[in-house]
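Close look at the chain arrangement
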Amino acid sequence: MIENFSTQPQTPTHHPTHHVDFVSRSTCGSCQRVLAQIRPVVDRFGATLRVIEVDADGVDQEWAMEFGDRVPVVLVDDEEIGCWEIDNEELIDALQG
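Residues numbered from 1 in each chain as written. Predicted model: local features only at pLDDT ≥ 70, side-chain atom pairs only at ≥ 80, totals over all residues. Heavy atoms only, no water.

For the protein, an unreviewed UniProt entry supplies the name Glutaredoxin family protein and the organism Corynebacterium falsenii.

1. Things to note about the pattern of salt bridges
Taken as a whole and judged by the stated rule, the model has 3 salt bridges. The residue E85 makes a salt bridge to R33 at a minimum N-O spacing of 2.8 Å. Here E85 is found in the loop between β5 (79–83) and α3 (88–96), whereas its partner R33 is found in helix α1 (residues 31–44), with 52 residues between them in sequence. Between R70 and E80 there is a salt bridge, with its nearest N and O atoms 2.6 Å apart. Taken as a pair, R70 in the loop between α2 (61–67) and β4 (73–76) and E80 in strand β5 lie far apart in primary sequence, 10 residues in all. (Salt bridge = Lys/Arg side-chain N within 4 Å of Asp/Glu carboxyl O. Helix = DSSP H or I, 4+ residues; strand = E, 2+ residues; numbered from the N terminus.)

2. Describing a negative patch on the surface
Taken together, the side chains of D87, E89, E90 and D93 present a region of like negative charge at the surface. Inspection of the secondary structure assignment puts E89 in helix α3. (Patch = residues over 30% accessible without salt bridge, like charges linked within 9 Å, V, L, I, M, F, W, Y side chains within 5 Å. Areas by Shrake-Rupley, 256 points an atom, 1.4 Å probe, with all protein chains shown as cover. Lys, Arg positive; Asp, Glu negative; His and termini not counted. Charge placed at Lys NZ, Arg CZ, Asp CG, Glu CD.)

3. What to know about the packing of α1 against α3
Their axes nearest at 10 Å, the elements α1 and α3 cross at an angle of 25 degrees. Considering the angle they form, α1 stands roughly parallel to α3. Considering how the two elements wind past one another, α1 and α3 form a crossing that is right-handed. Of α3, the residues touching α1 (which contributes Q37, I38, V41, V42 and R44) are N88, L91, I92 and L95. Residues of the contact of α1 with α3, tallied by class, amount to 6 nonpolar, 2 polar and 1 charged. (Axes fitted to C-alpha atoms, helices over the stretch in contact; angles between N-to-C directions. Parallel < 35°, antiparallel > 145°, perpendicular 65-115°, else oblique. Left-handed = near helix turned anticlockwise from the far one by under 90°. Contact = heavy atoms within 4.5 Å. Nonpolar A, V, L, I, M, F, W, Y, C, P; charged D, E, K, R; others polar.)

Listed below in structure tokens is the structure:
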């Protein structure tokens with residue numbers, strides 16, 4: 001299933017045009033924990049967050065082929081910044097750029 005939602009910036013000093021993709025799979029044990037970890041950071045920077053479950057019906061199989069065996073994966077503006085365990089500092093650096 002693909003979820004699309006936007007968040008509003010909490011501080012106007014951040015550039016609100018970053019896009020974060022969170023690539024997951026329904027059988028991923030740590031994906032919900034990592035999503036809960038990064039969501040406050042994404043919200044703080046006013047970025048758009050899209051959750052992509054690679055095993056959901058209708059999802060382009062290229063997502064599954066590229067990322068399916070190493071979820072969760074986080075991309076910022078189409079650039080991968082981490083997989084399995086996500087470092088909030090790396091996410092912050094990417095969102096500040």
